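Observations on the three-dimensional arrangement
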Amino acid sequence: METVRFDELELNPQILRGIKDMGFEEASPIQAQAIPVVLRGRDIIGQAQTGSGKTAAFGIPVLEKVDPDNKKTQVIILSPTRELAIQVADEIRKLSKYMHGIKILPVYGGQEISKQIRSLKGGAQVIIGTPGRVMDHLRRKTIRCDFVNTIVLDEADEMLNMGFREDIETILEYIPEERQTVLFSATMPKAIMDITKKYQKDAVTIKVVKKELTVPSIDQYYYDVKRKDKVDVLTRLLDYYDPKLSIVFCNTKRMVDELASELQGRGYFAEGLHGDMKQSQRDRVMNSFRNGKTEILIATDVAARGIDVDDVEAVFNFDIPQDDEYYVHRIGRTGRAGRTGRAFTFVKGKEVYKLKDIQRYCKTKILAQPIPTSEDVAQIKAEKIMDKVSQIIEEEDLTAMINMIDEQVNESDYTSMDIAAAFLKMALGETESESESSDNYDFGNTGAEDGMVRLFINIGKKQKVKPGDILGAIAGESGMPGKLVGAIDMYDKYTFVEVPSEYGREVLNAMKNVKIKGKSISIEPANGK
Ligand code: ADP
Ligand code: MG
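Since the model is a prediction, treat every value here as computed from it, not as a measurement.

As for the overall build of the protein chain
Check the secondary structure of the protein chain and you find 21 helices and 20 strands. The dimensions of the protein chain, computed from C-alpha atoms along their principal axes, are 85 × 65 × 50 Å. Residues counted as buried form 46% of the 529 residues belonging to the protein chain. The long-range share in the protein chain, meaning contacts at least 24 apart out of those at least 6 apart in sequence, stands at 75%. When the 75 basic and 83 acidic side-chain charges of the protein chain are each reduced to a single mean position, those positions are 9 Å apart.

This is the structure:
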């Protein structure tokens, strides 16, 4: 493979120094091809996958062209989100570290506009902004375009996904005709081609074909899991591998919300991230994920695009990605910066064929894996606890504790082995006994007719639930024929329902995580009358 060093690209020595400081060794393929074209002043359509270094591909040549003696705005870069605008501004600022008299300013919604206006008055040659906010400034004339000679549409597909098309077109109308229009995107849907036709002149297309799609240090596994078991398998894997940070991908925003509340309900530090959330919420979630307070980020493909957090140890495809290319984007969130990562994909039934396509496309192997059993999880937890215990024995002064145990052994019939075992059980925590007890329903006397068990559900008429909803949910979730459902007694806040004894356990298990009329329910054997 031919490689291009940055010093072969005839760049300004100050920029070369900045690049060197950033630790870049050689230009990435999109950079090697795009930088000379942008330097020549040509319009360009640059396509390369996420993480391929598109920011520097336009950032470097754009800086080459800026005149530091002119304080007026010369370059506008449009970016889909505040996150990305800040990331791009940071990267360009680093590149320009050794240049003098260059000001780079990000502007985005959510930040006080008066503050931005003050910064803008100081003069910024390079402005990076979200389309809505840039348009706002153009209308207020707080950004003026008289000297703008270059406009960059970064992550163009993403901007269109987020509904910025009109804003972008409005902005393009403001910029002088004599300009260079630069567009970068990970994918090239038709809507982008429309924009390029309308607003670019004789553009050069550079497409970096997908080579070396996946990083070899990512172990990739799949599990054959039914929809209703996915959450259990996910938590099992989280407990077993115990990744520091992980990202769980879902195909819909709704699934993100559902899974987030489900995992939170089970005590995991999980948060959802998707495009319907307010920017401030998204910032909060991202910060919390970056600093490790949130260990599990549940996201849609769109929301996760462009996130660069280095310590992600595992990626879960809770839903199999809709597009082969998404698979690559998703698993590329782990195994970054030379670290090892793991990617887990859940498939059910026919989806195994999609997995075949993905493997062919990525030239990679995704291996079938058995789901760790609860014993496996307990085993690995015990090993971790024992490691910790050895460390404490080695490093800490345990005299006082030894005396207390000694006393206990002398006063009771327990051996120190009994006591150690009891402590280990405690340290292993509730999970074990919980998973046992969840299947351990007490159907002793539920007050039902012969051959039936009576179940208690914590919703009723007040929640506008009708007997039909209960019947439908039970039949739908458990697969038990609806006609077998017995008496349904509804009260204001709860409901009793009878089902044949032999279905009792199955119904309870199937209904555990079900929502009725959008409300999470709890269901258990009723107490006898
Ligand atoms: P894209 O916009 O294509 O998704 P970015 O421009 O955000 O990708 O780059 C992804 C990461 O790679 C960033 O952390 C960036 O600093 C780094 N990077 C960019 N170019 C190079 C290079 N030539 N060598 C090493 N790392 C690079
Ligand atoms: Mg980018």
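What to know about the confidence of the model for the protein chain
Across the protein chain, the average pLDDT comes to 88, with 95% of residues at or above 70. Low pLDDT (under 50) marks residues 431-438, which in the prediction has five contacts with non-local residues, meaning those over four places away or in another chain.

Observations concerning the nonpolar core
By size, the foremost hydrophobic cluster in this structure holds 38 residues, and its most contacted members are Phe-6, Phe-58, Ile-60, Ile-77 and Ile-128. Going through the elements one at a time, helix H1 (13-21), helix H2 (29-39), helix H3 (54-65), strand S2 (75-78), helix H4 (82-95), strand S4 (126-129) and strand S6 (180-185) are the ones with two or more residues in this core. Once residues within four sequence positions are removed from consideration, Ile-77 is found in contact with Phe-58, Val-88, Ile-92, Val-126, Ile-127, Ile-128, Gly-129, Val-152 and Asp-154.

A closer look at the domain arrangement of the protein chain
Domain annotation for the protein chain reports domain 1 (4-208), domain 2 (218-372), domain 3 (375-429) and domain 4 (452-525). Of the residues lining the interface, 14 residues belong to domain 1; the matching set on domain 2 comes to 13 residues. For the pair domain 1 and domain 2, the two sides together bury roughly 1200 Å², of which 44% comes from carbon and sulfur. Interface area lost by domain 1 to domain 2 is led by Thr-50, Glu-83 and Glu-158, which between them contribute 39%.

Digging into the site of ligand 1
Around ligand 1 lies a shell of 14 residues, among which Glu-26, Gln-31, Gly-51, Lys-54 and Thr-55 are the nearest. Contact distances for ligand 1 include 2.8 Å between a nitrogen atom and a side-chain N or O atom of Gln-31. Between ligand 1 and Thr-55 there is a distance of 2.7 Å, counted from an oxygen atom to a side-chain nitrogen or oxygen. For ligand 1, the accessible surface in isolation is 570 Å², of which the surrounding protein chains cover 75%.

Some thoughts on the environment of Glu-477
Tracing the backbone shows Glu-477 in helix H20 (residues 467-478). For Glu-477 and Asn-509, which are 32 residues apart along the polypeptide, the C-alpha to C-alpha distance reads 9.5 Å. Look past the residues within four positions of Glu-477 in its chain and what remains in contact with it is Ala-510, Met-511 and Val-514.

Re the pairing of strand S8 (residues 218-224)
Of all seven residues that make up S8, five are buried, and the element is covered over most of its length. As defined by bridge partners, S8 adjoins strand S13 (residues 341-347) across seven bridges and the pair is classed as parallel. Residue pairing in the sheet places Ile-218 in a bridge with Gly-341 of S13.

Comments concerning the packing of H2 against H3
Contact pair H2 / H3: the axes reach a minimum separation of 9 Å and the direction vectors enclose 25 degrees. One element, H2, and the other, H3, form an angle in the roughly parallel class. Viewed along their axes, H2 and H3 form a crossing whose handedness is right-handed. Taken together, the residues of H3 that come into contact with H2 (itself represented by Ile-30, Gln-31, Ala-34, Ile-35, Val-38 and Leu-39) are Lys-54, Ala-56, Ala-57, Ile-60, Pro-61, Glu-64 and Lys-65.

Considering the environment of Leu-263
When you line up the elements, Leu-263 lands in helix H11 (residues 253-265). Leu-263 sits 33 residues away from Ile-296 along the chain, and the two C-alpha atoms are 9.1 Å apart. Residue contacts for Leu-263: discarding those within four places in its chain leaves Val-231, Leu-234, Thr-235, Tyr-268, Ala-270, Ile-296 and Ile-298.

What about the pairing of S6?
Most of S6 is tucked away, with six of its six residues classed as buried. With burial as the criterion, each face of S6 is covered, one bearing Gln-180, Val-182 and Phe-184 and the other bearing Thr-181, Leu-183 and Ser-185. Pairing of strand S1 (residues 44-47) with S6 involves four bridges; the strand directions are parallel. Its bridge partner being in S6, Gln-47 is matched across the sheet by Ser-185. Pairing analysis gives four bridges linking strand S5 (residues 150-153) to S6, with the strands arranged parallel. Within the sheet, the bridge partner assigned to Ile-151 lies in S6 and is Thr-181.

Considering unusual backbone geometry
We note that Lys-141 has phi near 65 degrees; this positive angle belongs to a residue other than glycine. Summarising the element assignment, Lys-141 is placed in the loop between helix H6 (131-140) and S5. The phi angle at Asp-202 is positive, at roughly 50 degrees, despite the residue not being glycine. Mapped onto the elements, Asp-202 comes out in the loop between helix H9 (190-199) and strand S7 (204-207). For Asp-202, a relative accessible area of 62% puts it in the exposed group.

Analysis parameters
- Residues numbered from 1 in each chain as written.
- Chains lettered and ligands numbered in written order.
- Predicted model: local features only at pLDDT ≥ 70, side-chain atom pairs only at ≥ 80, totals over all residues.
- Heavy atoms only, no water.
- Helix = DSSP H or I, 4+ residues; strand = E, 2+ residues; numbered from the N terminus.
- Buried < 20%, exposed > 50% of the residue type's maximum accessible area, 1.4 Å probe, protein only.
- Contact = heavy atoms within 4.5 Å.
- Lys, Arg positive; Asp, Glu negative; His and termini not counted.
- Charge placed at Lys NZ, Arg CZ, Asp CG, Glu CD.
- pLDDT = per-residue confidence, 0-100.
- Core = buried A, V, L, I, M, F, W, Y, C linked by side-chain atoms within 4.5 Å.
- Domains from an automatic or database assignment.
- Buried area = accessible area lost by both parts, 1.4 Å probe.
- Near = heavy atom within 4 Å.
- Polar contact = N/O pair within 3.5 Å; in protein donor to acceptor, adjacent residues only side chain to side chain.
- Areas by Shrake-Rupley, 256 points an atom, 1.4 Å probe, with all protein chains shown as cover.
- Pairing = 2+ DSSP bridges.
- Axes fitted to C-alpha atoms, helices over the stretch in contact; angles between N-to-C directions.
- Parallel < 35°, antiparallel > 145°, perpendicular 65-115°, else oblique.
- Left-handed = near helix turned anticlockwise from the far one by under 90°.

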